[in-house]
Structure formats: C-alpha cells, structure tokens
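# Geometric and topological summary
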Amino acid sequence: MSNNSIRNIAIIAHVDHGKTTLVDAMLKQSGIFRANEEVAERAMDSNDLERERGITILAKATGVRYGETKINIIDTPGHSDFGGEVERALKIVDGVMLLVDASEGPLPQTRYVLSKALEAKLPQIVVINKIDRPDARIQEVLNEVYDLFIDLDAHEDQLSFPVIYTNGKAGIAKLTLEDPSENLQPLFESIIKHIPAPAGDSEAVLQMLVANLDYSDYLGRLAIGRVFNGTLRVNDEVAIAKLDGSLHKTKITKLYSFEGLKRVDEAVGRTGDILAIAGVEGITIGETVTSAENPQPLAHIQIDEPTIAMTFSINTSPFSGREGQYVTSRNLRDRLDKELLTNVSIKVEEAGGPDAYKVMGRGELQLAILIEMMRREGFELAVGKPEILTKQINGKTHEPQELLVIDCPDNFVGVVIEKLGARKGKMEKMINHGSGRVRLEFLIPSRGLIGLRSEMMTDTKGTAIMNSLFHGYVEWQGDISSRPTGSLIADRAGRTTGYALFNLQERGDMFVGSGLEVYEGMIVGENARDSDLDVNIVKEKKLTNMRASSADEAIRLVPPRLLNLEQAIEFIRDDELVEVTPQSIRLRKKILKGNQR
Ligand SMILES: Nc1nc2c(ncn2[C@@H]2O[C@H](COP(=O)(O)OP(=O)(O)OP(=O)(O)O)[C@@H](O)[C@H]2O)c(=O)[nH]1
Ligand SMILES: [Mg+2]
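Quick look at the structure, then. From a predicted model like this one, the values you see are computed outputs, not experimental measurements.

This part covers the site of ligand 1. What surrounds ligand 1 is a group of 18 residues, the closest being Lys 19, Thr 20, Thr 21, Thr 56 and Asp 132. Here an oxygen atom of ligand 1 sits 2.9 Å away from a polar atom, N or O, in the main chain of Gly 18. With respect to ligand 1, the side chain of Lys 130 contributes an N or O atom lying 3.0 Å from an oxygen atom. Burial of ligand 1 by the protein chains amounts to 86% of its free accessible area of 650 Å². Looking at which element gives the most residues to the shell around ligand 1, the answer is helix H1 (residues 19–29), with three residues.

Below is the structure:
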C-alpha cells in the first residue's frame, strides 16, 4: 500500500550549488505565500549563523502542494562538516534531487551525498543547476555526473536517472535545454513521476522514526520524523522505543505537518507524512514512536563516526567571568548535553576532570559553529587545538584521510603541490579544463588540512577553491610539521601601548591594537621566528624624553591582524588555547606564567 498523495524528497548537493535557492523557488511557485508577502531570500536558512554565513547548517523540512500532491522537501547542508544532517535526512525520504552546479560540476560533497543516496537505494533526479552561468558547461558536467555514478558502482538501472536543467534563482526548470519552460513545472512533474509515493500501511502498528528535534516554549520538545506505518492522532497513548531498548509511554499532545515555512495543526497524521509531534519529552533522534501495546521499533539511525576532536574547557584566564554569563563547568556540561540531543554527529567525553570535555565532530567548521553559537548564548570557554581521532586497525595506528580537491589558476599549481607535499598529500589526479584553471585531487591525512585553508589563501592570493571529503582510514603517515612560526606572548598584565607595539611590529604580525587589556601569557602576535618570544607590550615611553614624545605622534602602527574564531583555532599549537567569550576571542598559552613554561 502506498499513499499516492505524498512525496518525500531530500535535496542534496555540494556546498553552494543552489539547494536552498531552488527550495525558495519551489515554495514561491507552489502558491504558499500570499501575493504581497515579503519572503527573505534563502528563506529556509532561518537561523542567524546560516544567514550571516550564507550556508545551510541544519537540515530542515518544508512541505509544498502541487496539484493534489503534498511534497515534503528536506533542504540539507552541502558543507562536508554537516554530512550527519544529510545522512539522517535520507532516512525519512523516498528519493533525492541531486543538484550539480553547471559550471563547477560534481565536487567532493556531491560524491559523498550521492554515495549515501545510492547506499540507501534512493532514486535520484539529477538537477543541473545554474544553467544561466556564463561559464556553464552543461553537457560536460552531465558527463561528469555519469562518471561519478559509475565510479560509485551504481547499478545499470541506477544510471537511467531523469535529468532536469534549472536556473533555481529564476525558478525555471527544463527537461531539455531547448525546452521553453518558464517555471518549475517540469521539476514538480518529475518528482511526482519518478519519486515513489511513501509505502506504508495506515492500519498497521504505528511506527514513526524521529530524525530531528525542535523545541517550543509552549509545548516543550518536538520530534520531527516520518510515519512509516500506522496512523498518529492527537491524544493517542503511544510508546517511545528508546535507543537503549527501553519503552517510555506518553501521550501525543500536538501534531503538525509542514506547509511552507509554517507548521499546520493536524488532528490526524497521515501514513507516509513527515510530521512534528509534541508530548514526547526526553525523546531523541533515532528513536521510534510506536504502539504502546504492541511496540515495533524501527532500526536506529546510524551515521559516520567523528574524525576530529577539540577540548572544550572552562575559561581559566584572568579575565574569566568578565564578559560571559555562563562560565562554570556545570554550564558547559549542560550545554554540551543539550547539543548532543539534536546534533547526531557530535560526541562528547570527559577529558580528565569535570572542567574539560573532548568534543568530537566531523570537522573544524562544525566545531567552530558550535563554539560560535555558545558564545552568542553567553558562554565563556577555552578550546584547544583540533586533533585527529586515530583508530587501531590490526594492531596498527590508522588516521582519517581526506580526498581534497583544489581548483586554482594554473600559475599556482606549483605552489599548491609543494604545500600539500609538505603535508603528506599525494596527488591522485590533475585535470586541466583549459579555462586557465586546474583541478587537482589529493589524498591527504585529515591532520594535513588543519590550518591549510588560510595558508592556501595567502599562497594563491585568494584564488584557490578547496573542498575535502572524508575518505576512510590510512596507516599513520608520520610527522607533519606544524606552523613554522612562534608566538609573541605578553609577559605581564596591563594595557597595550602604541609605543610598545611600534617597537614590536618588526618582529612579526601583531594580533592586538593599542589600548587593549592583556594578561601575562596572552598571545599578542605571531613571531616571525620559529620560537615563542615573551614581550612587554604594555611598555610606556619615558616621559622625560621630550624628543621621543614628539616623535611618538608620528608613529605609524601597522593595523593588527584580528583573527576570527576559525583563524584562531587554526593558529594555535598544542600548548595554546583560544579563549572565547561573547565579546572577545583571545589566544593564550595553556601555562600563563612565563617562568613556568
Ligand atoms: N547564477 C545562478 N546562481 C544561483 C542559482 N541558484 C543559486 N545561485 C546562487 O548560488 C549561491 C548559493 O546558493 P544556496 O541556495 O545558498 O546554495 P546551497 O546549495 O543551499 O548552499 P549550502 O546549503 O550552504 O550547501 C547563492 O549566491 C545563490 O544566489 C542559479 O540558478 N543561477
Ligand atoms: Mg543551503
């Protein structure tokens, strides 16, 4: 039995290939909005960090109507660090739209998300997007997509996917390039035709798989998931089949379906639909809402392991508690526990005592986003250098490896190869599109990527595009030398002076301007040499010297290099920390006292 009036589809792609923009257009053309309604661009990217960074971080569900059919669409993030979001979205859909940028072609995350969709045996609609780009190479890109399918061992019948050409920005979809279509009708039709309706029996035992959580001030925890079998009604007595095997009885107090950017109250949830329910305090992702009398849990959601870890600890700097609201180890623990509820790809362990936690995730960006969210909520914390999670395989240490794709102008190829060689990168492929840009593919230990982005940007004058993808484990690749420079460290507390900065700036890059409060052990700059250097950055000029005083007015300070959170995380070494507060990002030595280091 299937519910032919519903389709559940996820939209998957590499970062920035236009998923959220296409969902915008689908929402608009399905008549969800009133004629005069103001709708923001990339409306599904609703949280602050998503809007600021212009990327999707969390997978989100929406529903549109096309004729008699309700299409639930899950917009997913394209950045590799958020792959866990894609993995769980795929558990509750019956097919995917695989979007590929008509100029960039398939990139590492295209490969990743497609491999997950093939693994889940989900049918695909291939969408070649951004066909309006002046540098679009549509036919070539389509061929690259076929190659990718073949490379991923797709079955013959999986190669007969439908192809749609779109300009997501303008809301146009075409079945062929000559198609005069001026709207998304061909895409909607294709979804209805090629994506199977959800199977499931409305009379069978209730089984709803929870793939996401949300929170409402009135209703408490909301579980979002798909009803695979049975029918769900408000006030039903149900059981939550917990991950640990136990059963927890509860009553559904509220039921919603998704309609555009809103949730719509429902009394009865349909089999096959994606719904949000309340009355499920304590539920977590991967659990099943099922019959209380005859519980039949679905298989748990299993996703890829974390590859990177960072230590989050309470802020022990002399400035601790000045700028943040939440500073205790209890605060930190509670916040991380809360994160674990919704963020399936993160793991947390105690790291030698209650004041520090090892937080494990898929990449630096994922952890940096978590830290950024925490500081906005009022937390202060200190974080250490990211470390790679190794694994013992047959008694030998293995480390995670990444497939790294770099796109750069051909005159930088030499620099790029040299840089990656030093980081144990092995070149696998080099493709010259003949457009003046070259695409290089490397296998490189994940360690080798830490701090690479900023160096690569400097080396290629900001022209390189880098993308990486987890590519299994390899035997430990030996030492990779870290930053070749040392730190400039404040040797006493006080306020920085222009005079001191002026005298220090020839030693390296300064991270602070004048008049800033510093403490002993705080890192104030990057030493041009390879060792650390303690400096007096609060030194006042001697007031008795009239000549120096007048000369001071003319001093020219080089503007400080202000590091953002990700740059700070990339900069620090093992014996250093980043101190994060709602207002500041400071770098420090783990051991503050100069005479104890
Ligand atoms: N020229 C052109 N630009 C497009 C098109 N679709 C999207 N874009 C632009 O591509 C950029 C990325 O679009 P998004 O919709 O945020 O991409 P995304 O795939 O959702 O990105 P992530 O969620 O971060 O992976 C934006 O600047 C869009 O305006 C298109 O059809 N043509
Ligand atoms: Mg997006």
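The coordination sphere of the magnesium ion (ligand 2), as far as protein atoms go, consists of Thr 20 (OG1) and Thr 56 (OG1), spread over 2.0 Å. Highlighted residues: Thr 20 in helix H1 and Thr 56 in the loop between helix H2 (48–53) and strand E2 (60–66), separated in sequence by 36 residues. With respect to class, Thr 20 is no different from Thr 56; both count as buried.

Another point: the sheet that holds strand E12 (residues 247–251). Paired through their backbone hydrogen bonds, the strands of a sheet run either parallel or antiparallel. Taken in spatial order, the eight strands of this open sheet run E12-E11-E17-E8-E9-E16-E13-E14, and their pairing is antiparallel. Since the sheet does not close on itself, it has two edges, and those belong to E12 and strand E14 (262–265), each with one partner. Across the sheet, the axes of successive neighbouring strands diverge by a mean angle of 40°, strand direction being ignored. Here strand E11 (residues 237–241) runs beside E12; their pairing, made up of five bridges, is antiparallel. Bridge pairing in E12 places Ala 239 opposite Lys 249.

Read across the sheet, seven strands follow the order E2-E3-E1-E4-E5-E6-E7 without closing on themselves; strand pairing throughout is mixed. The sheet terminates laterally at E2 and strand E7 (172–174), the two strands that pair on one side only. Across the sheet, the axes of successive neighbouring strands diverge by a mean angle of 30°, strand direction being ignored. Looking at chain direction, E2 and strand E3 (residues 69–75) are connected through seven bridges and run antiparallel. Each bridged residue has a counterpart across the sheet, and for Val 64 the counterpart in E3 is Ile 71. Relative to E2, helix H6 (residues 185–194) is tilted by about 100°, and along the sheet it contacts strand E1 (6–13), E2, E3, strand E4 (95–101), strand E5 (124–129), strand E6 (163–167) and E7.

Next up on the list: the environment of Gly 269. Looking at where Gly 269 falls in the secondary structure, it is placed in strand E15 (residues 268–269). Separated by 39 residues in sequence, Gly 269 and Gly 230 place their C-alpha atoms 9.3 Å apart. Apart from the residues within four sequence positions on either side, Gly 269 is in contact with Thr 231, Leu 232, Leu 255 and Leu 275.

This part covers the side chain of Ser 317. Locating Ser 317 in the fold gives a position in the loop between strand E18 (308–313) and helix H7 (329–342). By relative accessible area, which is 5% here, Ser 317 ends up buried. At 2.8 Å, the side chain of Ser 317 forms a polar contact with the side chain of Glu 579. Those residues within four positions of Ser 317 in sequence are excluded, and the remaining contacts are Tyr 519, Glu 579 and Arg 588.

What follows concerns the pattern of salt bridges. Pairing is possible between side chains of opposite charge, provided their charged atoms come close. The tally for this structure, following the rule as stated, stands at 46 salt bridges. The partner of Glu 339 in a salt bridge is Arg 335, with the nearest N and O atoms 2.9 Å apart. Within this pair, Glu 339 and its partner Arg 335 are both found in helix H7, separated by four residues, close to a single helical turn. Here the two residues Glu 339 and Arg 335 agree in accessibility, since each one is buried. With a closest N to O distance of 2.8 Å, Lys 419 and Asp 459 form a salt bridge. Taken together, the residues Lys 419 in helix H9 (residues 413–422) and Asp 459 in helix H10 (residues 452–459) connect sequence positions 40 residues apart. Given a relative accessible area of 24%, Asp 459 falls into the partly exposed group. What you see here is one network of salt bridges that share partners, running through Asp 532, Arg 573, Asp 575, Glu 576 and Lys 589.

Here helix H5 (residues 138–151) is 14 residues long and its end C-alpha atoms lie 20 Å apart, about the 20 Å a rise of 1.5 Å per residue gives. For H5, the set of buried residues is Ile 138, Val 141, Leu 142, Val 145, Leu 148 and Phe 149. Viewed along the axis of H5, the buried residues span an arc of 110°, placing them on a single side of the element. Among the structural elements, E4, helix H4 (108–119), E5 and E6 are those in contact with the buried residues of H5. One or two residues past the end of H5 sits Asp 153, with phi positive at roughly 60°.

A separate point is the packing of aromatic side chains. Enumeration according to the criterion identifies seven aromatic pairs in this entry. Between Tyr 146 and Phe 161, the aromatic rings sit 4.8 Å apart at their centres with planes inclined by 25°, giving stacked as the arrangement. Taken together, the residues Tyr 146 in helix H5 and Phe 161 in the loop between H5 and E6 connect sequence positions 15 residues apart. Since its relative accessible area comes to 7%, Phe 161 is described here as buried.

The rules behind these values
Residues numbered from 1 in each chain as written. Chains lettered and ligands numbered in written order. Predicted model: local features only at pLDDT ≥ 70, side-chain atom pairs only at ≥ 80, totals over all residues. Heavy atoms only, no water. Near = heavy atom within 4 Å. Polar contact = N/O pair within 3.5 Å; in protein donor to acceptor, adjacent residues only side chain to side chain. Areas by Shrake-Rupley, 256 points an atom, 1.4 Å probe, with all protein chains shown as cover. Helix = DSSP H or I, 4+ residues; strand = E, 2+ residues; numbered from the N terminus. Donors = N, O, S within 2.8 Å, 3.2 Å for Na, K, Ca; no water. Buried < 20%, exposed > 50% of the residue type's maximum accessible area, 1.4 Å probe, protein only. Pairing = 2+ DSSP bridges. Axes fitted to C-alpha atoms, helices over the stretch in contact; angles between N-to-C directions. Contact = heavy atoms within 4.5 Å. Salt bridge = Lys/Arg side-chain N within 4 Å of Asp/Glu carboxyl O. Expected span 1.5 Å × (residues − 1). Arc of directions from axis to C-beta. Phe/Tyr/Trp six-rings, centres within 6.5 Å; stacked < 30°, edge-to-face > 60°.

Everything listed here is a matter of coordinates, which is why it stays silent on function.
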